[in-house]
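# Fold and geometry: a report
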Number of protein chains: 2
Amino acid sequence: MARWGNAVQDREEQQELKRKAIIREAAQIFSRRGWHGATLDDVAVRLGVTKAALYRYVRNKNDLLFACHEEAMEIADRALSEGERNGGTGLEKIRIGMRAYLSEMIGELGVPALILEENSLQGDEAEQIYGLRDAFETRLRNLISMGIDDDSIVPMDPKLGAFMLLGAVHWVTKWYRPGGDWTADEVSDALIELATRGLAAEPAPGLAAAIHHYSTDG
Amino acid sequence: MARWGNAVQDREEQQELKRKAIIREAAQIFSRRGWHGATLDDVAVRLGVTKAALYRYVRNKNDLLFACHEEAMEIADRALSEGERNGGTGLEKIRIGMRAYLSEMIGELGVPALILEENSLQGDEAEQIYGLRDAFETRLRNLISMGIDDDSIVPMDPKLGAFMLLGAVHWVTKWYRPGGDWTADEVSDALIELATRGLAAEPAPGLAAAIHHYSTDG
């Protein structure tokens, strides 16, 4: 097995890339076995490095859990910025932003089911993650309000709209399996189109995403 | 504190009511403190009974977790039956069924965040719960297919439609707090209306649920 999962491509970014490789691998292992069922040893084995090498980047399992959450929040932040930059209306900003968030979450980071288990976070680190999450939710609510104001989104409670979207999106980590029938991009297109159609002031008459057309299921 | 949380009203149903009282209390305690942070002692204290009395109904924590999941699946089953009976189109059946499921989940059972943490289930009991959950998902997919056939639901992949709805609904256990601004019924009305609007072949021009109108947020 390649050391560091082949993530190291560039000398200058080595440190950061190694840290990201650890986070990605850890997120996947913890997602599969649960927080209490996996160890740092498992992560080291998967990355093909010694545990001592691993300890240069993370001190313990809690450190790693915190890093997974932090990484997810960084992805969320970048995604919403992309939406705000490239979308015209509030609804478009949300579609672009949430699509990018979902696609990167399940594509790049693996499938971080741990996002659903924040109970394992403790003390200051828990507070820090809750703070980042609150900021993300507030930003999403503000985009919904913007969409109501510019008539792209049907009048609604922005808080409830944000919760609905976040539920639909985060639940994907419960059922999506990489390497199955659907790619991360296909799922992101189809799910965000469906979940945001209910928000639209003038919903499109049909769904355009590929998954909704080539399905043979049901 | 009242013994058994005042749930005992009738001699004949005593056994079952006590069991339900235990499950409700346990679901709430585990939801607040996490699966690993709470004990059977905590449940006994909350119910005002001895641990020995509790052991007549549940053998251990795993037993209780299983009972919580089983209860949620019974609620889901009853709710979908209600929808199938009382709804005309596929879309109406889903709206009535999922509204009843959500409302009873967060109203009667408490807020069972444990539903999101099935990693703690083990062996045969895990298989049993997965089986019940699969049956529930299949039933929901079939209702979506029925709605596509009767033209109440826009053509889509029924699997993805079911995942979207289940995500929006189960996520409520993450953010809803009983005794806050919104009652279980208000939240259920508003969330199900919003989440199913995206499924409708002809979405209503606006949202009717009270929460979407009296909000001052955003």
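Residues numbered from 1 in each chain as written. Chains lettered and ligands numbered in written order. Predicted model: local features only at pLDDT ≥ 70, side-chain atom pairs only at ≥ 80, totals over all residues. Heavy atoms only, no water.

Here the focus is the interface of chain A and chain B. Chain A puts 45 residues into the contact, and the matching count from chain B is 46 residues. When chain A packs against chain B, close to 4000 Å² is buried across both sides, 64% of that on carbon and sulfur atoms. Our enumeration of links across chain A and chain B arrives at zero salt bridges. Within the residue set of the side of chain A that touches chain B, elements represented by two or more residues are α6 (123-149), α7 (158-170), α8 (172-175), α9 (184-197) and α10 (211-214) of chain A. (Contact = heavy atoms within 4.5 Å. Buried area = accessible area lost by both parts, 1.4 Å probe. Salt bridge = Lys/Arg side-chain N within 4 Å of Asp/Glu carboxyl O. Helix = DSSP H or I, 4+ residues; strand = E, 2+ residues; numbered from the N terminus.)

Now for the relation of the copies chain A and chain B. Superposition record for chain A on chain B: RMSD 0.1 Å, screw rotation 180°, translation along axis 0.0 Å. Those values place the two copies in the arrangement expected of a two-fold rotation axis. Closest approach to the rotation axis among the C-alpha atoms of chain A is made by Gly 198 of chain A, whose C-alpha sits 1.9 Å away. When the interface residues of chain A are mapped onto chain B, 100% of them again fall at the interface, so both copies present the same face. (Least-squares fit on C-alpha atoms with pLDDT ≥ 70 in both.)

Right, let's talk about the pattern of salt bridges for a bit. Throughout the structure, instances matching the rule amount to 26 salt bridges over all chains. Put simply, Glu 104 of chain A and Arg 78 of chain A hold a salt bridge, and the shortest N to O gap is 2.8 Å. One end of the pair, Glu 104 of chain A, is in helix α5 (residues 90-107); the other, Arg 78 of chain A, is in helix α4 (residues 61-86), with 26 residues separating them in the sequence. The partner of Glu 137 of chain B in a salt bridge is Arg 141 of chain B, and the shortest N-O contact between them spans 3.7 Å. You can see Glu 137 of chain B and its partner Arg 141 of chain B sitting in helix α6 (residues 123-149), four residues apart, about one turn around the helix. Taking the relative accessible area as the measure of exposure, Glu 137 of chain B reaches 13% and is therefore buried. (Buried < 20%, exposed > 50% of the residue type's maximum accessible area, 1.4 Å probe, protein only.)

As a further point, take unusual backbone geometry. For Asp 151 of chain A, which is not glycine, the phi dihedral falls at a positive 65°. Following the sequence through the fold, Asp 151 of chain A ends up in the loop between α6 and α7.

What follows concerns the packing of aromatic side chains. Throughout the structure, instances matching the rule amount to eight aromatic pairs over all chains. Geometrically, the ring pair formed by Trp 175 of chain A and Trp 182 of chain A is edge-to-face, given 6.0 Å between the ring centres and 90° between the ring planes. Within the aromatic cluster, the residues linked to one another by ring pairs are Phe 163 of chain A together with Trp 175, Tyr 176 and Trp 182 of chain B. Seen from the ring of Trp 182 of chain B, Lys 159 of chain A lies directly overhead, with NZ or CZ sitting 5.1 Å from the centre. Over the aromatic face of Phe 163 of chain B sits the side chain of Arg 141 of chain B, whose NZ or CZ is 5.7 Å from the ring centroid. (Phe/Tyr/Trp six-rings, centres within 6.5 Å; stacked < 30°, edge-to-face > 60°. Lys NZ or Arg CZ within 6 Å of the ring centre and 35° of its normal.)

We now examine the confidence of the model for chain A. Averaged over all residues, the pLDDT of chain A is 85; the fraction at 70 or higher stands at 86%. Scored as a complex, the prediction yields pTM 0.85 and ipTM 0.85. (pLDDT = per-residue confidence, 0-100.)

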